[in-house]
Amino acid sequence: MAFVEYPGFPLTNLPTIARECLRGGLATVYSINAVLAVMTIFKATERGQPVALWISKTFVVGGLAFDQLTQLPTLEEIEVAKSLNGMQGRKNRRGK
């Protein structure tokens, strides 16, 4: 809507000031998403996730996708949980 003008169509026939505000808003949103997409590279590798998928998802969707990624456990946390579960299983077998 900020970049398209179709004469006679009320959704694209906006005043110049409104179009500039929309352009500025889109630029702000996508610059923040770009920064989050760069941060996604590091977070996705920590979690063993496909980097290209998360970069594209974060650039398009933004903070919602970044939050979803950061809620996934890291590979280190998964290993700790597996070792704790293994130790717990050994304790249960000894008690029987």
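To start, this report covers the structure provided alongside it. (Residues numbered from 1 in each chain as written. Predicted model: local features only at pLDDT ≥ 70, side-chain atom pairs only at ≥ 80, totals over all residues. Heavy atoms only, no water.)

1. A look at helix H1 (residues 16-47)
Line of reasoning, step 1. With 32 residues, H1 ought to run about 46 Å at 1.5 Å a step, and its terminal C-alpha atoms sit 45 Å apart, in line with that.
Line of reasoning, step 2. At Thr40, H1 shows its largest bend, some 30 degrees.
Line of reasoning, step 3. Every buried residue belonging to H1 is among Arg19, Asn33, Leu36, Ala37, Thr40, Ala44 and Arg47, and all of these are buried.
Line of reasoning, step 4. Looking at the residues trailing H1, positive phi occurs at Gly48, about 70 degrees. (Helix = DSSP H or I, 4+ residues; strand = E, 2+ residues; numbered from the N terminus. Expected span 1.5 Å × (residues − 1). Bend = angle between axes of the 7 residues up to and from the residue. Buried < 20%, exposed > 50% of the residue type's maximum accessible area, 1.4 Å probe, protein only.)

2. Here we look at the side chain of Arg47
Line of reasoning, step 1. Relative to the assigned elements, Arg47 resides in helix H1.
Line of reasoning, step 2. Residue classification places Arg47 among the buried residues on the basis of a relative accessible area of 9%.
Line of reasoning, step 3. A distance of 2.8 Å separates a polar atom in the side chain of Arg47 from the backbone oxygen of Leu72.
Line of reasoning, step 4. Excluding its chain neighbours within four sequence positions, the residues that come into contact with Arg47 are Leu69, Thr70, Leu72, Pro73, Thr74 and Leu75. (Polar contact = N/O pair within 3.5 Å; in protein donor to acceptor, adjacent residues only side chain to side chain. Contact = heavy atoms within 4.5 Å.)

3. Here's the deal with the packing of helix H2 (residues 51-61) against helix H3 (residues 63-70)
Line of reasoning, step 1. The N-to-C vectors of H2 and H3 enclose an angle of 140 degrees; their axes lie 6 Å apart at closest approach. Here H3 runs oblique to H2, going by the angle between their axes. Side by side, H2 and H3 meet where Trp54, Lys57, Thr58 and Val61 of the first sit next to Gly63, Leu64, Ala65, Phe66, Gln68 and Leu69 of the second.
Line of reasoning, step 2. Here the residues of the contact of H2 with H3 are counted per class, giving six nonpolar, three polar and one charged. (Axes fitted to C-alpha atoms, helices over the stretch in contact; angles between N-to-C directions. Parallel < 35°, antiparallel > 145°, perpendicular 65-115°, else oblique. Nonpolar A, V, L, I, M, F, W, Y, C, P; charged D, E, K, R; others polar.)

4. Focus: H3
Line of reasoning, step 1. Buried residues of H3: Ala65, Phe66 and Leu69, and no others. The buried side chains of H3 occupy one side of the element, clustering within an arc of 100 degrees when seen end-on.
Line of reasoning, step 2. Looking at the buried residues of H3, the elements they touch are H1 and H2. (Arc of directions from axis to C-beta.)

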